[in-house]
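Close look at the chain arrangement
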Amino acid sequence: MKASLPKHPSVGFIAVCLTYCLVVSFFLWGLSTPDLDRIWTLHHLLRTGELDRLSPEDKEILSSAIVRHESLARVLLDGAEIGIESAHLDGWIATPCVTLLRTSQSGHFKSISMDVQTPQDLIPFSIVVKGDGWKEKLEVKKHGRFEIELPKPPDAPEIIEVILKGSDFEADPSVLGIKMTFEEKR
């Protein structure tokens, strides 16, 4: 008795399987959310206050997109070189975690200025400001104007987070009582 060799799948069978794999991959790709669409959604959610802080995944999507598309940060900031991406009313922040964007052309801005008018029962608290590779902390013990120096702008746009740490802050500009502006070098 002669031993039979194992049969290999035919070329037609392999082609059919490969076609099915490509069709499934195409539909999975089509169902995914493109990065720029996700950024537009994040922009809307941050500006309306529905989202107060970016998740690490969303922060990575936004960060890589503003690096790839140089003008995207300026578009999100309505033409400015540095600004508040989170919910605010003329600089009065509406959330205890604030997302800022800064372009590489923002070198003439020296600091973030904060006019603190927070209700006295929520003082003292601290403000942590962090960007790519830097972090500053400010202790607020009274009402007044405080500044946090900005390091030299990076070569690409960056995301800066400002986080209020202390009492139970509500996402309400009248409770937070902090107006944020950006000071230019003289």
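What comes next is a walk through the structure. (Residues numbered from 1 in each chain as written. Predicted model: local features only at pLDDT ≥ 70, side-chain atom pairs only at ≥ 80, totals over all residues. Heavy atoms only, no water.)

It is worth spelling out the packing of aromatic side chains at this point. On inspection of all chains with the given rule, the structure shows two aromatic pairs. Ring geometry for Phe 26 against Phe 27: centres 5.7 Å apart, planes inclined by 70°, an arrangement best described as edge-to-face. Ring centres of Phe 26 and Trp 29 lie 6.0 Å apart, and the angle between their planes is 35°; on these two criteria the pair is classed as tilted. With Phe 26 and Trp 29 both in helix 1 (residues 11-31) and three residues apart, the pair spans about one turn of that helix. With a relative accessible area of 51%, Phe 26 lands in the exposed category. On the basis of relative accessible area, Trp 29 is assigned to the exposed category, the value being 62%. (Phe/Tyr/Trp six-rings, centres within 6.5 Å; stacked < 30°, edge-to-face > 60°. Helix = DSSP H or I, 4+ residues; strand = E, 2+ residues; numbered from the N terminus. Buried < 20%, exposed > 50% of the residue type's maximum accessible area, 1.4 Å probe, protein only.)

It is worth spelling out unusual backbone geometry at this point. Of note, the bond from Ile 123 into Pro 124 is cis; its omega dihedral lies within 30 degrees of zero at 10°. Residue placement: Pro 124 occurs in the loop between strand 5 (109-116) and strand 6 (125-131). Phi is positive for Asp 78, which is not a glycine, with a value near 55°. Among the secondary structure elements, Asp 78 is positioned in the loop between helix 4 (72-76) and strand 1 (82-84). Classification of Asp 78 as exposed rests on a relative accessible area of 64%. The backbone of Asp 90 shows a phi angle near 50°, a positive value even though the residue is not glycine. Since its relative accessible area comes to 64%, Asp 90 is described here as exposed.

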